[in-house]
Amino acid sequence: MVFEKTLNDLVSGIRSHKRDTALFISQSIAEIKNELQSPDFFTKSNALQKLTFLQMMGYTMSWAAFAAVEVMSSPRFALKRVGYLAACQGLDQPENSPVVLLTTNLLQKELRGANVVDTTTGKGGENIYHAGLAINCLSNIATEDLGQALLPELLHMLNHPSPYIRKKALLCLYKVFLKYPQGLRLSYEKIKLCLEDPHPSVVSCAVNVITELAEKNPKNYLPLAPAFFKLLTSSANNWMLIKVVKLLGSLVPEEPRLARKLIDPLSGMVKSTHAKSLLYESVHAITLCLPYVKKADGSQPANIPDVVELCVETLRSFVSDSD
């Protein structure tokens, strides 16, 4: 279709039809439905772009889910990306949509394609970006069946040579666990190994996933305390340290002996950091530790009064801050 409207035409038309916007959009949706019947991927992709924009205005696009899956299978990355975006937005209730079942083999193919590594560069080439789209889509439309079917591929990708793929797979696992909790037991050891990944972005993603999982039951993650303590004393990434401090603070009631070990590094962080969010989390973690720092004879360590005063001064500065 040579004269089909583009997304720019649709936006311009909506702006110029202020009095009869609803009528113009209804006509546009009718045109989009016709365009989605076309066998041409470019035409379908253009229609999905317009429909995705209309979905953000409040119009439903669940009826176009099958067309989105068709465009997802396009060999061209630019078109494939449109299809994946449309699937993420259109399949807003994946558990109730039969179309989700059609994505299983396609997503599996994309994820496995990332393992085809270029022998000259040692990297996955364009395939890793196709897999990246698939991982992002899976995190948005995950169901119990999809999680169960694709968990092996995601776990295998934690060993991929590209940190881009490793961190995406890690973050996607969290969304899969929400729908398929049994998968966590099968994945625990591999996620634990990611805390020692040579790339800092992958470590940061592992910390985020574990911290979110630990909110429900911190006791299950006590064996990871040494690894998190090492990150606390060695990392300079403030955003990751916020998560590390949060998790260690939540572990203190489960393992009181951890409190005395955390007091010194947390106090040092309060004295040295200029990041307000990390400063607050450090003070909060110290307050969680204080009830558990007493020694066996009932006495407190000699530095506790200074630590308490430091926390009070920090909180006072928060309260008196002009911001």
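Residues numbered from 1 in each chain as written. Predicted model: local features only at pLDDT ≥ 70, side-chain atom pairs only at ≥ 80, totals over all residues. Heavy atoms only, no water.

### What about the nonpolar core?
So, step 1. By size, the foremost hydrophobic cluster in this structure holds 103 residues, and its most contacted members are Leu138, Leu154, Phe228, Leu232 and Leu262.
So, step 2. With 9 residues, helix 11 (residues 200-214) is the single largest residue contributor to this core.
So, step 3. Non-local contacts of Leu154, meaning those with residues more than four positions away in its chain, are made with Leu111, Ile135, Leu138, Ala169, Cys172, Leu173 and Val176. (Core = buried A, V, L, I, M, F, W, Y, C linked by side-chain atoms within 4.5 Å. Buried < 20%, exposed > 50% of the residue type's maximum accessible area, 1.4 Å probe, protein only. Helix = DSSP H or I, 4+ residues; strand = E, 2+ residues; numbered from the N terminus. Contact = heavy atoms within 4.5 Å.)

### Points about the environment of Phe41
So, step 1. Examined against the element boundaries, Phe41 turns out to sit in helix 3 (residues 41-56).
So, step 2. The spatial distance from the C-alpha of Phe41 to the C-alpha of Leu266 is 56 Å, given a sequence separation of 225 residues.
So, step 3. Not counting chain neighbours up to four residues away, the residues in contact with Phe41 comprise Glu70, Val71, Ser73, Ser74, Pro75 and Leu79.

### Topic: the confidence of the model for the protein chain
So, step 1. With 96% of its residues at a pLDDT of 70 or more, the protein chain has an overall mean of 92.
So, step 2. Of all secondary-structure elements in the protein chain, the lowest mean pLDDT belongs to helix 16 (residues 304-320), at 93, while helix 9 (residues 163-179) reaches the highest, 96. (pLDDT = per-residue confidence, 0-100.)

### With respect to the pattern of salt bridges
So, step 1. Scanning all chains against the criterion turns up 11 salt bridges.
So, step 2. Glu255 serves as the salt-bridge partner of Arg257, at 3.0 Å between the closest nitrogen and oxygen.
So, step 3. Ionic pairing is found between Asp321 and Lys276, a salt bridge with its closest N-O pair at 3.9 Å. Here the residue Asp321 occupies a position in the segment after helix 16, and Lys276 occupies one in helix 15 (residues 276-289), the gap between them amounting to 45 residues.
So, step 4. Under the relative-accessibility criterion, Lys276 is labelled partly exposed at 48%. (Salt bridge = Lys/Arg side-chain N within 4 Å of Asp/Glu carboxyl O.)

### Points about helix 10 (residues 182-193)
So, step 1. Looking only at helix 10, the buried set comprises Gly183, Ser187 and Ile191. Mapping the buried residues of helix 10 onto a view down its axis gives an arc of 60°, with all of them on the same face. Exposed residues on helix 10 whose side chains face more than 90 degrees from its buried face are Arg185, Leu186, Glu189 and Leu193. (Arc of directions from axis to C-beta.)

### Some details on the side chain of Thr273
So, step 1. With respect to the helices, strands and loops of the structure, Thr273 is situated in the loop between helix 14 (257-272) and helix 15.
So, step 2. Taking relative accessible area as the criterion, Thr273 reaches 14% and is therefore assigned buried.
So, step 3. In this view, Thr273 contacts Asn238, Leu278 and Leu279; residues no more than four positions away in its chain are not counted.

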